[in-house]
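Descriptive analysis of the structure
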Amino acid sequence: MGPDWCAHVRVVTCDLWKAYKTAVRKYLHNAVVVTDKFHVFQYAGAALDELRRSEHSKQKDSTDFDLKKCRFLILKANSNLDDKGKSRIEQLKEANTNLYAGYLLKEQVFTFYGHEKKADAESHLCEWATSCVKSGLKPFVAFGKRLLKNKESILAYFDHRISNGFAEGINNKVKVI
């Protein structure tokens, strides 16, 4: 695939790794970079899980709400929780305000990608990222800064609505084999 082929590529979707963006800019001059939404979900979840581990290490008594055992609960979308899961989230709200705040920040990823209009998404992204930074929760401060730094490629999703989902699925199947 030479320069002629590269000149015809219009859109590339990838994660936020700087090397990918650098390669696209170097070889695919006409391409728009779209940050794959799966990776934004992944980074939000990673920030929440890092916060959970940090809060767990500070936890003195796990009799009320064991933070070690709530990983899958808090990583799951609130809309996919059953009544028991929603009840456990309410318990988390009382047990650990930092982790609950992180949970709410993570949930914003679903709202963000639910926008139909790019302008609405841009407004949401700026507010969301600012909330992450202002939260003072170290993993979310870093996540919020990352959102702002990559705002253009994240918002490009709303122009092109493409994802690496299919390719990522194949990669995961290959890993299992």
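Remember, predicted model here, so these are calculated numbers, not experimental data.

Enumeration according to the criterion identifies seven salt bridges in this entry. Among the salt bridges present, the one from aspartate 49 reaches arginine 52, with a minimum N-O distance of 2.8 Å. Here the residue aspartate 49 and the residue arginine 52 both occupy positions in helix α3 (residues 37–58), the gap between them amounting to three residues, near one helical turn. What makes arginine 52 buried here is its relative accessible area of 7%.

Quick look at the packing of α3 against helix α8 (residues 138–149) now. Relative orientation of the contacting elements α3 and α8 amounts to 160°, with a least axis distance of 8 Å. Judged on the interaxial angle alone, α8 and α3 are roughly antiparallel. Considering the relative orientation of α3 and α8, their crossing is right-handed. On α8, the residues touching Val40, Tyr43, Ala44, Ala47, Leu48, Glu50 and Leu51 of α3 are Pro139, Phe140, Phe143, Arg146 and Leu147. By residue class, the composition of the contact of α3 with α8 is ten nonpolar, no polar and two charged.

Turning next to the side chain of glutamate 107. Here glutamate 107 is to be found in helix α6 (residues 97–113). For glutamate 107, a relative accessible area of 13% gives the class buried. Only 3.1 Å separates the side chain of glutamate 107 from the backbone nitrogen of asparagine 78, close enough to count as a polar contact. With residues near it in sequence (within four places) discarded, glutamate 107 still touches Lys76, Ala77 and Asn78.

Where two aromatic rings form a pair, the distance of their centres and the angle of their planes describe that pair. Scanning the model with the defined rule gives twelve aromatic pairs in all. Here phenylalanine 41 and tyrosine 113 contribute two aromatic rings whose centre-to-centre distance is 5.6 Å and whose plane-to-plane angle is 20°, an arrangement assigned as stacked. Here the residue phenylalanine 41 occupies a position in helix α3, and tyrosine 113 occupies one in helix α6, the gap between them amounting to 72 residues. On the accessibility criterion, tyrosine 113 (8% relative accessible area) is buried. An aromatic cluster is defined as three or more aromatic residues linked by ring pairs; in this entry it consists of Phe41, Phe110, Phe112, Tyr113, Trp128, Phe140, Phe143, Tyr157 and Phe158. The side chain of arginine 146 reaches across the aromatic face of tyrosine 43, ending 4.0 Å from its centre.

About the cut-offs
Residues numbered from 1 in each chain as written. Predicted model: local features only at pLDDT ≥ 70, side-chain atom pairs only at ≥ 80, totals over all residues. Heavy atoms only, no water. Salt bridge = Lys/Arg side-chain N within 4 Å of Asp/Glu carboxyl O. Helix = DSSP H or I, 4+ residues; strand = E, 2+ residues; numbered from the N terminus. Buried < 20%, exposed > 50% of the residue type's maximum accessible area, 1.4 Å probe, protein only. Axes fitted to C-alpha atoms, helices over the stretch in contact; angles between N-to-C directions. Parallel < 35°, antiparallel > 145°, perpendicular 65-115°, else oblique. Left-handed = near helix turned anticlockwise from the far one by under 90°. Contact = heavy atoms within 4.5 Å. Nonpolar A, V, L, I, M, F, W, Y, C, P; charged D, E, K, R; others polar. Polar contact = N/O pair within 3.5 Å; in protein donor to acceptor, adjacent residues only side chain to side chain. Phe/Tyr/Trp six-rings, centres within 6.5 Å; stacked < 30°, edge-to-face > 60°. Lys NZ or Arg CZ within 6 Å of the ring centre and 35° of its normal.

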